[in-house]
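So you can see what is in the structure, the chains are spelled out below.
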Amino acid sequence: MPFHKIVLVCNPSQPLAAQLAGDLARFLHPKGVQSEILNDYRLLPQIPQADLCISLGGDGTALRCARQTAPLGLPLLAINCGSLGFLSACEAQDAQHYLAQILDGNYSTTHRALLQGTIRRQNADKIENLLAFNDCVIKTTSPLAFTLRADWNGKELKHFYGDGVIISTPAGSTAYSLAAGGPILAPDLDAWVITPICPHSLTERPLVLRADGVLSFEPVFKNHQDNAVVSFDGQHSYALQPGDKVCLQRCPHQARLISAGTYDFFGRLRQKLEWGNRNA
């Protein structure tokens, strides 16, 4: 697939990202590839005929672009200008060489499932189309445990009692869920992971479910002043009150991630997270 117009989305708070965006735009021009630089990922739907998005920043920038490009069907190439860069295909210093390979057709595309959430409130309009590439987190806002009633496809699943839960995609299983003791899922599995946060039970364990159903969670508080919050990818948060319900299901759109050559998920684990390193 030839690329004719590329959108470069950079994190404006990172000078390296802004500088690299200009360098890549100048690199693309003599190759006959149009480019446009954006400092706001929310403007992506306004760029007509774009056939590739490049995110320049850290994992936060890549997450924002992944959620925005998925409904557009726009492939995403993430270049790391931050620290960890687990979602990135390459580092900033290798960007031109890496992009040259992709323009020559030496690339692969991997698809990643997203969560789609709806918040149903008792006395207000529902909030819909909340997307998460990594995870949806429901947790208490105070140092007090609370109960979450969970349903799976309209039937009672269980009650979670503790600080909350993390509902993770396979791609997000290496993020917050992993830090909370959840399993690593291969990114192409059709599954979700529910990982309890500080559960008040010695028998509580993470739960893996097929991703073809609807999960719903309803917080139950002992006191009226207690409350919780639901967040999507740690970037968009909403307060939850008694009677609110969070419903989650598979998003009909997938993120399309571009990488030069063949993507090596387990190699990324070894490189970025030092997986299997006995000295880590």
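Note: the structure precedes this text.
A brief report on the enclosed structure follows. What you see is a predicted model, and the numbers here were worked out from it, not measured in a lab.

**Examining the pattern of salt bridges**
Logical step 1: Counting across every chain of the model gives 11 salt bridges.
Logical step 2: For Arg-250, the salt bridge is made with Asp-190, and the minimal N-O distance between the two is 2.8 Å. Pair noted here: Arg-250 is in strand β17 (residues 245-260) and Asp-190 is in the loop between α4 (176-179) and β12 (191-197), with a separation of 60 residues, a long-range link.
Logical step 3: For Asp-190, a relative accessible area of 35% translates into the label partly exposed.

**Topic: the packing of helix α1 (residues 15-28) against helix α3 (residues 95-103)**
Logical step 1: Packing of α1 against α3 brings their axes to within 11 Å, and their N-to-C directions diverge by 40°. Judged by the inter-axis angle, α1 sits oblique to α3. Regarding α1 and α3, the two cross each other, and that crossing is right-handed. On α3, the residues that touch Leu-20, Asp-23, Leu-24, Phe-27 and Leu-28 of α1 are Ala-95, Gln-96, Leu-99, Ala-100 and Leu-103.
Logical step 2: Here the residues of the contact of α1 with α3 are counted per class, giving eight nonpolar, one polar and one charged.

**Some details on empty space enclosed by the protein**
Logical step 1: In total, this model carries three cavities of 30 Å³ or more according to the counting rule given.
Logical step 2: For the largest cavity, the calculated volume is near 210 Å³.
Logical step 3: Lining the largest cavity are 18 residues; nearest its centre among them are Phe-86, Leu-87, Arg-112, Leu-257 and Tyr-263.
Logical step 4: Counting only elements with at least two residues in the lining of the largest cavity, the list comes to β4 (76-80), β6 (107-120), β17 and α5 (265-272).
Logical step 5: It is β17 that contributes the most residues to the lining of the largest cavity, three residues altogether.
Logical step 6: Class assignment of the residues belonging to the lining of the largest cavity gives a composition of 12 nonpolar, four polar and two charged.
Logical step 7: Lining the second largest cavity are 13 residues; nearest its centre among them are Phe-160, Tyr-161, Gly-162, Gly-164 and Val-165.
Logical step 8: Listed by contribution, the elements that provide at least two residues to the lining of the second largest cavity are β9 (146-152), β10 (155-162), β11 (164-168) and β12.
Logical step 9: Looking at the lining of the second largest cavity residue by residue, the class counts come to eight nonpolar, three polar and two charged.

Analysis parameters
- Within every chain, residues take consecutive numbers counted from 1 along the sequence as written.
- In view of the model being predicted, local features appear only for residues whose pLDDT reaches at least 70, and side-chain atom pairs are presented and counted only at 80 or more, with totals across whole chains, interfaces and linings using the full set of residues.
- The basis for the side-chain values is all heavy atoms of the structure; hydrogens and waters are excluded.
- Each reported salt bridge corresponds to a side-chain nitrogen of Lys or Arg within 4 Å of a carboxyl oxygen of Asp or Glu.
- For helices the rule is a DSSP run of H or I covering at least 4 residues; for strands it is a run of E covering at least 2, with both sets numbered from the N terminus onward.
- Partly exposed residues are those whose accessible area sits between 20% and 50% of the maximum for their type, while under 20% is buried and over 50% is exposed, using a 1.4 Å probe and protein chains only.
- Here an axis means a line fitted to C-alpha atoms, over the contact stretch when the element is a helix, while the angle between two N-to-C directions is reported on a 0 to 180 degree scale.
- In this scheme, roughly parallel covers angles under 35 degrees and roughly antiparallel covers those over 145, while 65 to 115 is roughly perpendicular and the rest are oblique.
- Rotating anticlockwise by less than a right angle from the far helix to the near helix defines a left-handed crossing, while the corresponding clockwise rotation defines a right-handed one.
- Between two residues, a contact is recorded if the distance between any of their heavy atoms is within 4.5 Å.
- Under the convention adopted here, Pro, Cys and the residues Ala, Val, Leu, Ile, Met, Phe, Trp and Tyr are nonpolar, Asp, Glu, Lys and Arg are charged, and Gly plus all remaining residues are polar.
- The distinction between a cavity and a pocket rests on a 1 Å grid over the protein atoms alone: a 1.4 Å probe fits inside a cavity but cannot get out, while a pocket stays open yet meets protein on both sides within 12 Å along at least five of seven lines, and a residue with an atom within 4 Å of a point counts as lining.
- Grid points are joined across faces, edges and corners, and a volume is the space filled by probe spheres set on the points.

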